[in-house]
Amino acid sequence: MDLALKLQPHYSDFKVSERILLSGHSHQAWPNVAKNGLLECYQDAAAHVDDKWGKAFEKAQRVKDFYAKLLGEKNAQITLGESTHELLLRFLSDLDCFKKPPGRAIKIVTTDGEFHSMRRQLNRFKQLNMHIEVVSVSPSNTLAQRLIDKIDGQTDAVMISAVFYGTSEIFRDVGLVAQHAHAMKVPCLVDIYHALNVVPFDIKTWQLEHAFIVSGGYKYCQAGEGNCMMRIPQGYNGSPIITGWYAEFSVLSQAPGQVSYGPGYHAFEGATYDPSSHYRAAAVFDFFDQKNLDINTLRAINQQQITTLRDGIMSVPKLAQAFNLASHKHQDNGGFLALTTPHANLWVSKLHEQGIQSDSRGEQLRLGPAPYVSQSQLEQALNVMEDIVTGI
């Protein structure tokens, strides 16, 4: 039996059996147990009032533990945040160039394949005459070396992704760039949001021991908003300019007026937040464990779904002519299928009219399946696409 059919009753609140959600790379449906987490948050607040924080911090630790397991680093130094943008600001504010201006343009090396949070902030820095070195992702087989060539003694940070947001290509050589940056004593941050819980990820194997890593639970973790994380390298002790009062929790002897920092992730902690996000995530992560939805299982499901969509499109001449598929290998594909067409936005609109959710970025139509999307739903989506293509 198709595993999705067994899972669908557990996602009934999101009506996953009644509509085809191919937006799983952007926002996956929550299992019904997420509602229990939200109710538990309310009940703890009602029962304990301001003493609820002990319970809330237990949920936060559950979220950290789940992420640490996905990173393959049991004792990972992880801080949490409402968004990756919030965490990016904490990272940036810890750079030496912002604490002691170097007397030259601040230089950050990145790519043209980054998600909006990083892209927009770096573009704004560029308007302030910072040197934002944007390296083209294409051709991807030479990307690592081209990034390495841009890292020099005047580079203040490297900010790149493990899976590219536009094309779904896994950047297998991201570790080579991170290792070179470390050798040059340049902080490196890697965004793994499009890898977490859909692409097997191990910090040592990926050679990212010395990198900062940001990600979150809105996409493949089904945890919803407010569940982002940043992993700090082992042994690293920072002093970010943007600092929340939670960073004082581990500082035992701070004199009045002094701003002290705890070790590791403690230095990057935030401030008071809405804990309901962590209650919701903890309930979802417990559900994953109960249903044995580990990363290898989720990867196998996703790869089979991507194969069904890709082969289905290529087997229909009109669809095959309407799209250009990315040239990277199947095993180097992340969690969604990217289809290049000048009519990407129109495709999103036409599919939505037929109850199929997807999205686009530029000329990329992006189809993102999820574990609760059945084989018959994928086939139905392909039939709808075949009907649509004649009118585009």
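Above this text you will find the structure in question.
Now for a quick tour of the structure. Values in this document were obtained by computation on a predicted structure and should not be read as measured data.

1. Topic: the nonpolar core
Now for step 1: By size, the foremost hydrophobic cluster in this structure holds 98 residues, and its most contacted members are Tyr67, Phe201, Leu208, Phe285, Leu365 and Met385.
Now for step 2: By residue number, the principal contributor to this core is helix 3 (residues 53-71), which donates nine residues.
Now for step 3: With residues near it in sequence (within four places) discarded, Met385 still touches Ile313, Leu319, Phe323, Leu339, Trp347, Leu351, Leu365 and Leu367.
Now for step 4: Listed in part, the 25 residues of the second largest apolar core include Cys97, Ala157, Ile232 and Phe268.

2. Examining the packing of helix 12 (residues 344-353) against helix 13 (residues 375-389)
Now for step 1: Taken N-terminus to C-terminus, the directions of helix 12 and helix 13 make an angle of 120 degrees; their axes are 11 Å apart at the nearest point. Overall, the two elements helix 12 and helix 13 adopt an arrangement that is oblique. Crossing of helix 12 against helix 13: the hand is right-handed. Touching Trp347, Lys350 and Leu351 of helix 12 are Val384, Met385, Ile388 and Val389, all from helix 13.
Now for step 2: Per-class residue counts for the contact of helix 12 with helix 13 are six nonpolar, no polar and one charged.

3. Things to note about the packing of aromatic side chains
Now for step 1: A complete count under the given rule lists 26 aromatic pairs for this structure.
Now for step 2: Ring centres of Phe212 and Tyr236 lie 5.1 Å apart, and the angle between their planes is 80 degrees; on these two criteria the pair is classed as edge-to-face. Here Phe212 is found in strand 7 (residues 212-216), whereas its partner Tyr236 is found in the loop between strand 8 (228-232) and helix 9 (276-290), with 24 residues between them in sequence.
Now for step 3: For Tyr236, a relative accessible area of 28% puts it in the partly exposed group.
Now for step 4: Here the aromatic rings of Tyr236 and Phe268 are separated by 6.4 Å at their centres, their planes lie at 35 degrees, and the arrangement is tilted. Placement of Tyr236 in the loop between strand 8 and helix 9 and of Phe268 in the loop between strand 8 and helix 9 is noted, with a sequence separation of 32 residues between them.
Now for step 5: Ring-pair connections join several aromatic residues into one group, and the members of that group are Tyr11, Phe66, Tyr67, Phe285, Phe287, Phe288 and Tyr372.
Now for step 6: When the ring centre of Phe115 is taken as reference, the NZ or CZ atom of Lys219 above it lies at 4.8 Å.
Now for step 7: Positioned over the ring face of Phe336 is Arg366, at 4.9 Å from the centre of the ring.

4. Side note on the environment of Asp112
Now for step 1: With respect to the secondary-structure elements, Asp112 resides in the loop between strand 3 (107-111) and helix 6 (116-127).
Now for step 2: Each C-alpha atom of the pair Asp112 and Val16 lies 34 Å from the other, and the pair is 96 residues apart in sequence.
Now for step 3: In contact with Asp112, other than residues within four places in its own chain, are Val134, Val135, Ser136, Val137 and Arg361.
Now for step 4: Within the structure, the side chain of Asp112 is placed 2.9 Å from the backbone nitrogen of Val137, a separation counted as a polar contact.

5. Some remarks on the pattern of salt bridges
Now for step 1: By the definition in use, this model includes 14 salt bridges.
Now for step 2: Of the charged contacts, one joins Asp13 and Lys35 as a salt bridge, the two residues approaching to 3.2 Å between their closest N and O atoms. Here Asp13 is found in the loop between helix 1 (3-7) and strand 1 (20-21), whereas its partner Lys35 is found in helix 2 (residues 33-48), with 22 residues between them in sequence.
Now for step 3: One salt bridge connects Glu133 with Lys150, and the closest N-O pair in it is separated by 3.7 Å. Taken as a pair, Glu133 in strand 4 (residues 131-135) and Lys150 in helix 7 (residues 143-150) lie far apart in primary sequence, 17 residues in all.
Now for step 4: Judged by its relative accessible area of 18%, Glu133 is buried.
Now for step 5: Take Lys150: its relative accessible area is 33%, and that puts it in the partly exposed class.
Now for step 6: One salt-bridge network, held together by shared partners, links Arg62, Asp286 and Asp289.

6. Looking at helix 6
Each α-helix turn comprises 3.6 residues. Residues three or four places apart therefore point the same way.
Now for step 1: For helix 6, spanning 12 residues, the distance from its first C-alpha to its last is 16 Å, which sits close to the expected 16 Å at 1.5 Å a residue.
Now for step 2: Considered for burial, the residues of helix 6 that qualify are Ser117, Met118, Gln121, Leu122 and Phe125. Mapping the buried residues of helix 6 onto a view down its axis gives an arc of 110 degrees, with all of them on the same face. Pointing more than 90 degrees away from the buried face of helix 6 are the exposed residues Arg120 and Gln127.
Now for step 3: Where helix 6 ends, the next residue or the one after it, Asn129, has phi of about 70 degrees, a positive value.

7. Some thoughts on the packing of helix 4 (residues 84-92) against helix 6
Now for step 1: Where helix 4 meets helix 6, the closest approach of the two axes is 9 Å, and the angle between their N-to-C directions is 45 degrees. One way to sum up the angle between helix 4 and helix 6 is to call them oblique. The two elements helix 4 and helix 6 meet at a crossing, and its hand is right-handed. Residues Thr84, His85, Leu88, Leu89 and Leu92 of helix 4 touch helix 6, and the partners they reach there are Ser117, Met118, Gln121 and Phe125.
Now for step 2: When its residues are assigned to classes, the contact of helix 4 with helix 6 shows five nonpolar, four polar and no charged.

Conventions used here
- Residues numbered from 1 in each chain as written.
- Predicted model: local features only at pLDDT ≥ 70, side-chain atom pairs only at ≥ 80, totals over all residues.
- Heavy atoms only, no water.
- Core = buried A, V, L, I, M, F, W, Y, C linked by side-chain atoms within 4.5 Å.
- Buried < 20%, exposed > 50% of the residue type's maximum accessible area, 1.4 Å probe, protein only.
- Helix = DSSP H or I, 4+ residues; strand = E, 2+ residues; numbered from the N terminus.
- Contact = heavy atoms within 4.5 Å.
- Axes fitted to C-alpha atoms, helices over the stretch in contact; angles between N-to-C directions.
- Parallel < 35°, antiparallel > 145°, perpendicular 65-115°, else oblique.
- Left-handed = near helix turned anticlockwise from the far one by under 90°.
- Nonpolar A, V, L, I, M, F, W, Y, C, P; charged D, E, K, R; others polar.
- Phe/Tyr/Trp six-rings, centres within 6.5 Å; stacked < 30°, edge-to-face > 60°.
- Lys NZ or Arg CZ within 6 Å of the ring centre and 35° of its normal.
- Polar contact = N/O pair within 3.5 Å; in protein donor to acceptor, adjacent residues only side chain to side chain.
- Salt bridge = Lys/Arg side-chain N within 4 Å of Asp/Glu carboxyl O.
- Expected span 1.5 Å × (residues − 1).
- Arc of directions from axis to C-beta.

Function cannot be read off these values alone, since they describe shape.
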